[in-house]
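A look at the structure
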Amino acid sequence: MRRITHGEMMEERPLIFRAVNAPLIASVVLLTVYGSVVVSSAVSSMSSGPSMLKRHLFGIGLGLVFMAVAWAFDYRKLEGWAGPLMALSALLIVSPRILGFLKVSKAISGSYSWLSIGKVRLFQPSEPAKLVVIVVLAAVIARYGGKIERPADVARICGFAAVPFVLILTQPDLGTGFVFIAIAVGMMLIGGLQPKWFLVLALAGVLLVGGLFAAESIAFRVTGDHNKVIPKHQMDRLTVFFDPSADSANAGFHVQQSKIAIGSGELSGKGLRAGTQGNLYFLPERHTDFIFSVLGEELGFVGAIVLLGLYLALLVTAMSISASSRDLFGALIVAGVCTMWLFQILENIGMTIGVVPVTGIPLPFMSYGASFMVTNMTAIGMLLSVWTRRY
């Protein structure tokens, strides 16, 4: 009598029992609820607070729909579509500037990062572009079978990663550009990038950054304008990072107020809606980029540890899905999503406590924003799609 394997037994079970990953779903539910509570507190003192909270909850609801669609869709059908998907990601990123050229929309805070019609903001195209690029890079890297050794292979992958990065810089949105770079590096490491090529890429990155600063310095000496190579507000953020007291009234104000908020929360916090830095408008962007500062002030060290514990559970569960994938393509998709989340978590929390420069990157499942929430929920659906089809 032939012995029935574990995989065959799983295949005979109804799809719903094979599809559900309880730890992942529990982590997402807890993070989403936790984030909604903190966002509700952050916007409570704003005149538009109720409508903003409704929009945030709408983003969660819409995200659940996209999660279900991504969950039901067989991710393996996308592997042969790297070229068209790359074209789609490029179109998404440049679409706000195209509409701006057609006079349909205008730049918001000096950046063409929002797809809008008149004064109505629709969504940020760079958000879904992140997921599209993850699928593209997974398809490209999977072709090398877990060994990225030849210079031509490294150059090809870097070329695919460079397209969205360069286009994002034209908005300009340096912070989101760094997210694309982090995704590419993380996926290449998981995909078998040789250590020597990682060192080469790291050195190239250092030289590129140094070249940009040198070009900015030369341009300033020639023209007297700080915006020729690197936008002034980004240069100010870097200057303040190295010298927090350099511009405490402007560029350094965010970080100083963020540190005060987090430090004043001490062990257990001041209580929800009882924070002074946020409610008295000392803390800018408290519901988006600096939502962790609100959490630190109102829920204290205990609240921050709870959040980090939930993130750890999410990332560990996600990586276990990557390890259980039936193919390298699926494993790389999950690794790309994990890298995206990990970089955004480290960057966002790091900038609120002053250990990395401010880049305007939101905190996954916590920051206010429908586009951001839909992207994260869709990413969860992609992970569940890989999990469901692991046998």
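Right, let's walk through the structure included here. Because the structure is predicted, anything quoted here is derived from the model rather than measured. (Residues numbered from 1 in each chain as written. Predicted model: local features only at pLDDT ≥ 70, side-chain atom pairs only at ≥ 80, totals over all residues. Heavy atoms only, no water.)

1. Thoughts on the overall build of the protein chain
A count of helical and extended segments in the protein chain gives 15 helices and two strands. For the protein chain, with 391 residues in total, the buried portion stands at 49%. A separation threshold of at least 6 residues defines the contact pool for the protein chain, and within that pool the share at least 24 residues apart is 70%. With an accessible surface of roughly 18,300 Å², the protein chain has 70% of that area assigned to carbon and sulfur atoms. (Helix = DSSP H or I, 4+ residues; strand = E, 2+ residues; numbered from the N terminus. Buried < 20%, exposed > 50% of the residue type's maximum accessible area, 1.4 Å probe, protein only. Contact = heavy atoms within 4.5 Å. Areas by Shrake-Rupley, 256 points an atom, 1.4 Å probe, with all protein chains shown as cover.)

2. Considering the pattern of salt bridges
Here the structure, examined in full by the defined rule, presents five salt bridges. Between E297 and K270 there is a salt bridge, and its shortest N-O distance comes to 3.0 Å. In this pair, E297 is assigned in helix α13 (residues 291–324) and K270 in the loop between α11 (253–265) and α12 (276–279), connecting sequence segments 27 residues apart. One network of salt bridges, in which partners are shared, links D74, R76 and R389. (Salt bridge = Lys/Arg side-chain N within 4 Å of Asp/Glu carboxyl O.)

3. Things to note about the packing of aromatic side chains
Tallying each qualifying case throughout the model produces two aromatic pairs. For the ring pair Y75 and F329, a centre distance of 5.9 Å and an interplane angle of 25° mean the geometry is stacked. Taken together, the residues span a long stretch of sequence, with Y75 in the loop between α4 (49–72) and α5 (82–101) and F329 in helix α14 (residues 328–352) at a distance of 254 residues. The two residues Y75 and F329 agree in class, both being buried. With a centroid separation of 5.7 Å and an interplanar angle of 55°, the aromatic rings of W341 and F365 are classed as tilted. Taken together, the positions of W341 in helix α14 and F365 in the loop between α14 and α15 (370–388) put the pair 24 residues apart, joining distant regions of the chain. Side by side, W341 and F365 carry an identical accessibility label, which is buried. If you follow R390 out to its NZ or CZ, it ends over the ring of W387, 3.6 Å from the centre. (Phe/Tyr/Trp six-rings, centres within 6.5 Å; stacked < 30°, edge-to-face > 60°. Lys NZ or Arg CZ within 6 Å of the ring centre and 35° of its normal.)

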